Amino acid sequence: MAVATLGLLLAALLYSAAYMGSLMTHEAVIQPRALWGLANGYPVNTVYPIHSLAIHGHFVYFALIPLTWVMPAALALILAQSVAFAVTVGLFAGAMCRV
């Protein structure tokens, strides 16, 4: 089960990296900038001149701030998304095996 979860994590990470590399949407600019700003003491987003949490109010950013000290904010968001996806699929697969 752990190998399958690791495989799903890797697949999700690669998919997210490919998706983010080929498509720079408005959200792909706002979210990393907001996370970077919160991690570095600049909470006002430069895309919209308001507080980063006022745009969407993602309080999970506070849990991701330590990751931005060791990697770029966009990569931290992709990693968090990949982990969340792998955990969700792992939980779903585990629940389906019990049925």
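Parameters and conventions
- Residues numbered from 1 in each chain as written.
- Predicted model: local features only at pLDDT ≥ 70, side-chain atom pairs only at ≥ 80, totals over all residues.
- Heavy atoms only, no water.
- Helix = DSSP H or I, 4+ residues; strand = E, 2+ residues; numbered from the N terminus.
- Buried < 20%, exposed > 50% of the residue type's maximum accessible area, 1.4 Å probe, protein only.
- Contact = heavy atoms within 4.5 Å.
- Areas by Shrake-Rupley, 256 points an atom, 1.4 Å probe, with all protein chains shown as cover.
- Phe/Tyr/Trp six-rings, centres within 6.5 Å; stacked < 30°, edge-to-face > 60°.
- Core = buried A, V, L, I, M, F, W, Y, C linked by side-chain atoms within 4.5 Å.
- Arc of directions from axis to C-beta.
- Axes fitted to C-alpha atoms, helices over the stretch in contact; angles between N-to-C directions.
- Parallel < 35°, antiparallel > 145°, perpendicular 65-115°, else oblique.
- Left-handed = near helix turned anticlockwise from the far one by under 90°.
- pLDDT = per-residue confidence, 0-100.
- Polar contact = N/O pair within 3.5 Å; in protein donor to acceptor, adjacent residues only side chain to side chain.

K.L.:
For this particular structure, what's the right way to read the overall build of the chain?
P.N.:
When helices and strands are counted, the chain shows 5 helices and 0 strands. Traced from its N-terminal end to its C-terminal end, the chain shows the element sequence α-α-α-α-α. Of all 99 residues assigned to the chain, the portion counted as buried reaches 27%. The long-range share in the chain, meaning contacts at least 24 apart out of those at least 6 apart in sequence, stands at 52%. On the chain, roughly 6400 Å² of surface is accessible, and the fraction owed to carbon and sulfur atoms is 76%.

K.L.:
Before we go on, may I ask you to explain the packing of aromatic side chains in this structure?
P.N.:
Where two aromatic rings form a pair, the distance of their centres and the angle of their planes describe that pair. As enumerated under the stated definition, the model contains 1 aromatic pair in all. Ring geometry for W36 against Y42: centres 5.9 Å apart, planes inclined by 10°, an arrangement best described as stacked. The class for W36 is partly exposed, based on a relative accessible area of 39%.

K.L.:
Could you clarify how one ought to interpret the nonpolar core in this entry?
P.N.:
Residues A34, L35, L38, A39, L53, Y61, L64, I65, A73 and A76 constitute the largest nonpolar core, which totals 10 residues. Elements with a contribution of two residues or more to this core: α2 (26-39), α4 (61-68) and α5 (73-98). Considering each element in turn, this core owes the most residues, 4 residues, to α2.

K.L.:
What's the story with α4 in this structure? I'm lost.
P.N.:
Each full turn of the α-helix corresponds to 3.6 residues, which orients residues three or four apart in the same direction. Looking only at α4, the buried set comprises Y61, L64, I65 and T68. Down the axis of α4, the sector holding all buried residues measures 130°, keeping them to one side.

K.L.:
Looking at this structure, how should I read the packing of α4 against α5?
P.N.:
Any two packed helices are characterised by the angle at which their axes cross and by the distance between the axes. Direction vectors running N to C along α4 and α5 enclose 125°, while the axes themselves pass 9 Å from each other. Put simply, α4 runs oblique to α5. As α4 packs across α5, the resulting crossing turns out to be right-handed. Judged by residue contacts, Y61, L64, L67 and T68 of α4 engage A73, A76, L77, L79 and A80 from α5.

K.L.:
In this structure, what is going on with the confidence of the model for the chain? I would like to understand it.
P.N.:
Regions with low pLDDT carry predicted coordinates that are not meant to be interpreted in detail. Here the chain shows a mean pLDDT of 80. Residues at 70 or above account for 81%. By mean pLDDT, the top-scoring element of the chain is α4 (90), and the lowest-scoring one is helix α1 (residues 2-22) (66).

K.L.:
I tried to follow the side chain of N45 on my own but got confused; where do I start?
P.N.:
Inspection of the secondary structure puts N45 in the loop between α2 and α3 (52-55). Since its relative accessible area comes to 1%, N45 is described here as buried. At 3.5 Å, the side chain of N45 and the backbone oxygen of I30 are in polar contact. Setting aside its immediate chain neighbours within four residues, N45 contacts I30, R33, A34, I50, S52 and I55.

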